[in-house]
Amino acid sequence: MKIAFTTTGTDWNASIDPRFGRTEYILIYDEEKDEITNFDNRDIADVAHGAGPKTAQLIFDLKPQVLITGNGPGGNAAAVLTKTDLKIYIGAGNMTVKEAYEAYKTGILKQS
Amino acid sequence: MKIAIASGKGGTGKTTVSTNLAKYLSEIRQVVLVDLDVEEPNSGLFLKGELVNRQEMYKAIPQWEASTCTLCGNCQKVCNFNSIMKLGDNIMVFPELCHSCYACSELCPTHSLPMTKLKMGELTEYKMDELNFISSKLDIGQEQAVPLIAQTIRYVDERFPDSILKLYDSPPGTSCPVIEATKEADFVLLVTEPTPFGLHDLKLAVETMRELGIGFAVIINRFGIGDAEVEKYCEREGIDLVAKIPNQREIATLYSRGELIYPHIPEFKRELELIADYCNRLQKEMSL
């Protein structure tokens, strides 16, 4: 299973970025390979319009099965993500990536 | 001549000045008042007239023709607003983000993105004696005020010659809708309140007008509250301070009832006369 996180850093101890569209990084944890990769999304700060769909497109191309984030995607981004089979879990806004992964595994996070 | 009534801060009295000034000036000549605050137009609450025209307003958005599309992705590359996106073998359009710039449509090598009409709002025109009042309202869910503002100005320009005084009740702030509403004005009246917040946003509005190269002057509303910093600022910067509308409970009461102020409050009318004189003088000086 490939799991995507919206984060403010690039490792397990990084905080979850509660924003979806304007998240600083996207972290992908590949459970089978036990491997983390990250995608720098910081250029999004200069985007005035359509940050949500743009980040959603990045997620679309990365093809994870699960997304763990804070507040959840807005309307336009959600419209993009409905084109995928992605399961979205929200409410991890105050956690580190590690805590968020554990919360997901133990069923604490809510599916949106 | 076109005079825009704008502000930095919201709720400083743009509509109060616009509606009262328009009605007052129309007692002696023809005036056109245009409510360009299309996200929340409210001049119409204070002016009751006879309906002359009501029409739906449209903007242009691209519509994807899947059968001819080669999925080259050029459309998303040329879009500055992330309003069109290639997702696998799908092209997705976000009509609310689209600025109707036609780039994706015109630059599509297979012409698979013809522009189609999307209703974005409604324009109404009223007449009361010598005052023509035009107001546009954006539909709920529409995010782009700029196309509707631009089209409303075009509608007014086509119907009324330049010799008639046109007042634009502008949106608050200093972002795109304000630029659109003021950029072709001959002069801008900035309405502010004498508070630190009012001054802070006035400075932003002043910077904006200087950048646009449009002449402007300041009207203080609710004079008597706050401090003297706005006056000092205007003096320091050499900005004309046209009027100081007093802070009075009776004005707020009339406003809350949707009534014009100047027929009832002499102190208000005196300041309004100063604004009217200023506008008349401007028109003469600029020979517009």
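Reading the values: the criteria
- Residues numbered from 1 in each chain as written.
- Chains lettered and ligands numbered in written order.
- Predicted model: local features only at pLDDT ≥ 70, side-chain atom pairs only at ≥ 80, totals over all residues.
- Heavy atoms only, no water.
- Salt bridge = Lys/Arg side-chain N within 4 Å of Asp/Glu carboxyl O.
- Buried < 20%, exposed > 50% of the residue type's maximum accessible area, 1.4 Å probe, protein only.
- Axes fitted to C-alpha atoms, helices over the stretch in contact; angles between N-to-C directions.
- Helix = DSSP H or I, 4+ residues; strand = E, 2+ residues; numbered from the N terminus.
- Parallel < 35°, antiparallel > 145°, perpendicular 65-115°, else oblique.
- Left-handed = near helix turned anticlockwise from the far one by under 90°.
- Contact = heavy atoms within 4.5 Å.
- Nonpolar A, V, L, I, M, F, W, Y, C, P; charged D, E, K, R; others polar.
- Pairing = 2+ DSSP bridges.
- Buried area = accessible area lost by both parts, 1.4 Å probe.
- Polar contact = N/O pair within 3.5 Å; in protein donor to acceptor, adjacent residues only side chain to side chain.
- Domains from an automatic or database assignment.
- Phe/Tyr/Trp six-rings, centres within 6.5 Å; stacked < 30°, edge-to-face > 60°.
- Core = buried A, V, L, I, M, F, W, Y, C linked by side-chain atoms within 4.5 Å.

A short note on the pattern of salt bridges
Residues and elements named next belong to chain B. With the rule as written, the count across this model stands at 14 salt bridges over all chains. One salt bridge in this structure joins Lys166 and Asp162, with 3.7 Å as the shortest N-O distance. On the basis of relative accessible area, Lys166 is assigned to the buried category, the value being 1%. The class of Asp162 is exposed, set by a relative accessible area of 55%. The network of salt bridges with shared partners includes Lys2, Asp157, Asp162 and Lys166.

Quick look at the packing of helix H6 (residues 196-212) of chain B against helix H7 (residues 229-237) of chain B
All names here are of chain B. Contact pair H6 / H7: the axes reach a minimum separation of 10 Å and the direction vectors enclose 25°. Relative to H7, H6 is oriented roughly parallel. Both H6 and H7 take part in a crossing whose hand is right-handed. Across from Leu199, Leu202, Lys203, Val206 and Arg210 in H6, the residues of H7 making contact are Glu229, Val230, Tyr233 and Glu237. In terms of residue class, the contact of H6 with H7 is made up of 5 nonpolar, no polar and 4 charged.

Focus: the sheet that holds strand S2 (residues 31-35) of chain B
Residue and element names in this part refer to chain B. Spatially, 9 strands are ordered S3-S6-S7-S2-S8-S1-S9-S10-S11 in an open sheet, and the strand pairing comes out mixed. Of all the strands in the sheet, the pair left with one neighbour each is strand S3 (50-62) and strand S11 (241-246). Across this sheet, the average inter-strand angle for adjacent strands is 20°, counted without regard to direction. Packing against the sheet, helix H9 (residues 266-285) makes contact with strand S1 (2-6), strand S8 (165-169), strand S9 (187-192), strand S10 (215-223) and S11, and its axis sits at approximately 160° to S11.

Some remarks on the interface of chain B and chain A
Every contact between the two is made by 14 residues of chain B and, on the other side, 11 residues of chain A. Of the roughly 1100 Å² buried between chain B and chain A on both sides combined, carbon and sulfur atoms contribute 65%. Linking chain B with chain A are 3 residue pairs in polar contact (both at pLDDT 80 or more), by the criterion used here. If you list the elements that add at least two residues to the side of chain B that touches chain A, you get strand S4 (84-87) and strand S5 (90-93) of chain B. The biggest single contributor to the side of chain B that touches chain A is S4(B), with 3 residues. Grouping the amino acids of the side of chain B that touches chain A by side-chain chemistry returns 6 nonpolar, 5 polar and 3 charged.

A word on the sheet that holds strand S4 (residues 66-68) of chain A
Residue and element names in this part refer to chain A. The sheet built from 6 strands is open, its strands ordered S3-S2-S1-S4-S5-S6 with mixed pairing. The open sheet has two edge strands, strand S3 (35-40) and strand S6 (110-111), and neither has a second partner. Where S4 and strand S5 (residues 87-90) come together, 3 bridges link them in parallel fashion. Following the sheet pairing, Ile68 is matched in S5 by Tyr89. Each of strand S1 (2-7), strand S2 (25-30), S4 and S5 is contacted by helix H3 (residues 97-105), which is oriented at about 135° to S1, the strand it contacts most.

Section: the side chain of Gln142(B)
With respect to the secondary-structure elements, Gln142(B) resides in the loop between strand S7 (131-138) and helix H4 (146-159). Setting aside its immediate chain neighbours within four residues, Gln142(B) contacts Lys59(B), Leu118(B), Lys119(B) and Met120(B).

Things to note about the domain arrangement of chain B
For chain B, the domain assignment lists domain 1 (2-58 + 121-285) and domain 2 (64-113). Each of domain 1 of chain B and domain 2 of chain B has a C-alpha centre, and these two points are 38 Å apart.

Remarks on the packing of aromatic side chains
Residue and element names in this part refer to chain B. Per the counting criterion, the structure on display carries 9 aromatic pairs over all chains. Ring geometry for Phe46 against Tyr255: centres 5.0 Å apart, planes inclined by 35°, an arrangement best described as tilted. Of this pair, Phe46 sits in the loop between S2 and S3 while Tyr255 sits in helix H8 (residues 249-256), and the two are 209 residues apart along the sequence. For Phe46, a relative accessible area of 8% corresponds to the buried category. Relative to Phe133, the ring of Tyr126 lies with its centre 6.2 Å away and its plane at 20°, an arrangement referred to as stacked.

Looking at the nonpolar core
All names here are of chain B. In terms of nonpolar packing, the biggest core is built from 38 residues, with Ile3, Leu21, Leu167, Leu189 and Ile275 touching the most fellow members. Sort the elements by how many residues they give to this core and H9 lands first, with 7 residues. Once residues lying within four places of it in the same chain are set aside, the contact partners of Ile3 are Leu165, Lys166, Leu167, Tyr168, Phe187, Leu189, Cys279 and Leu282. Ranked by size, the runner-up nonpolar core spans 37 residues in total, among them Leu36, Leu123, Ala205 and Met209.

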